[in-house]
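Here are the chains, one letter per residue:
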Amino acid sequence: MSNVVNGPEIDCLPVPGDPDRVQILTSRNVPLGGPRAMVVHRTLPQRARSLIGAWCFADHYGPADVSETGGMDVPPHPHTGLQTVSWLFEGEIEHRDSLGEHAMVRPGEVNLMTAGHGICHSEVSTADTSILHGVQLWVAMPDDARDSERRFEHFVPEPFWVEGGRVSVFIGELLGRTSPVSTFTPLVGAQIDLDAGSSLTIPAQGDFEYGILVDQGTVSVEGSEVARTEMGYVGVGHGQLTVQSSDDSPARLILLGGKPFEEELVMWWNFVGRSHEEIVTYRQQWQDHSERFGEVAGYTGHVDRLPAPTLPNTRIKPRSGPRA
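As the structure is a computational prediction, the values presented were derived from the model and not from experiment.

Caption draft 1: Quick peek at the side chain of Gln46. Within the fold, Gln46 resides in the loop between strand S4 (38-44) and strand S5 (55-65). Side-chain polar atoms of Gln46 contact the backbone oxygen of Thr43, separated by 2.8 Å.

Here's what the structure looks like:
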């Protein structure tokens, strides 16, 4: 889920990239929940860049000691017009949704939930989890698919070894491996683990833009250093990308890519829409317990469902960030 952060809510516009340079996207810390909230590092969306392909949201968290943070306990909350992609490095999260799905998110296993017209779900770290560490990603759905039916998919990619490291492809296709989970625009998502002092040259699609999110170590992306919790952005026009770990430590990164998303989006709280009026409607429908989102069975947390935050006092306006 997403917390509403301070500042005006904005339309998300695609920002073209310069293929000859790596743009460093610095994360900001966002607390999820109450006083002992787990802090996540958010790299998308931000003022410098709203999307990478159709990837429109990236939270990176941990390793977090559950005894200190209280872990994850997110009551039922709604989504529209997006897919959630859950990927863990450590720990376990229990997922329940209004499709009736009850599943676990475990390290190396991708859970993809398609909200489409509307869905709600809960996310709770399990009692056996002592350390929670992973990423939560959103994919924006194009206009011709965003009112589709809700769906849930689970896939366990087989990691494979490359010289100097290991790769797991959880979305799309890379290095001859393909994930079967459904997306509505061309995308790729993969975990890449590099030994200390190793480099990997990845075939890139010339019409894709890419983001390299560093979880562990320091990574050089096309010669530019990207530190832990940062994301290196590379625009369209590359036939390959080279990533390299530092000599003194191994590295772990998440590779995200896709064709630039040409549609304007409005993102607010957990909704992706196309206008201020749509967001207002979605919020009211959630507050009114509309069938659009359904109900989650089996959640036993501190509240039955999350209430929607108050809307901003002004209309949601187009983003006017720098054109990269």
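Caption draft 2: How the structure looks around the environment of Met113. With respect to the element layout, Met113 can be found in strand S10 (residues 110-114). Taking the relative accessible area as the measure of exposure, Met113 reaches 1% and is therefore buried. Each C-alpha atom, one on Met113 and one on Leu82, is 8.5 Å from the other, the two residues being 31 residues apart in sequence. Leaving out residues up to four positions away in the same chain, Met113 has contacts with His79, Leu82, Gln83, Thr84, His95, Asp97, Ile119, His121, Arg151 and Phe152.

Caption draft 3: Looking closely at unusual backbone geometry. Along the chain, Leu44 connects to Pro45 via a cis peptide bond; the corresponding omega equals -10°. Considering the arrangement of structural elements, one finds Pro45 in the loop between S4 and S5. Pro63 follows Gly62 through a cis peptide bond whose omega is 5°. Relative to the helices and strands, Pro63 is located in strand S5. Positioned with a positive phi, Thr229 is a non-glycine residue whose angle comes to about 75°. Within the secondary structure layout, Thr229 lies in the loop between strand S22 (224-226) and strand S23 (231-234). Judged by its relative accessible area of 13%, Thr229 is buried. In this model, Trp269 sits at a positive phi of 50°, which is unusual for a non-glycine residue. Within the element layout of this structure, Trp269 appears in the loop between strand S26 (265-268) and strand S27 (271-273).

About the cut-offs
- Residues numbered from 1 in each chain as written.
- Predicted model: local features only at pLDDT ≥ 70, side-chain atom pairs only at ≥ 80, totals over all residues.
- Heavy atoms only, no water.
- Helix = DSSP H or I, 4+ residues; strand = E, 2+ residues; numbered from the N terminus.
- Polar contact = N/O pair within 3.5 Å; in protein donor to acceptor, adjacent residues only side chain to side chain.
- Buried < 20%, exposed > 50% of the residue type's maximum accessible area, 1.4 Å probe, protein only.
- Contact = heavy atoms within 4.5 Å.

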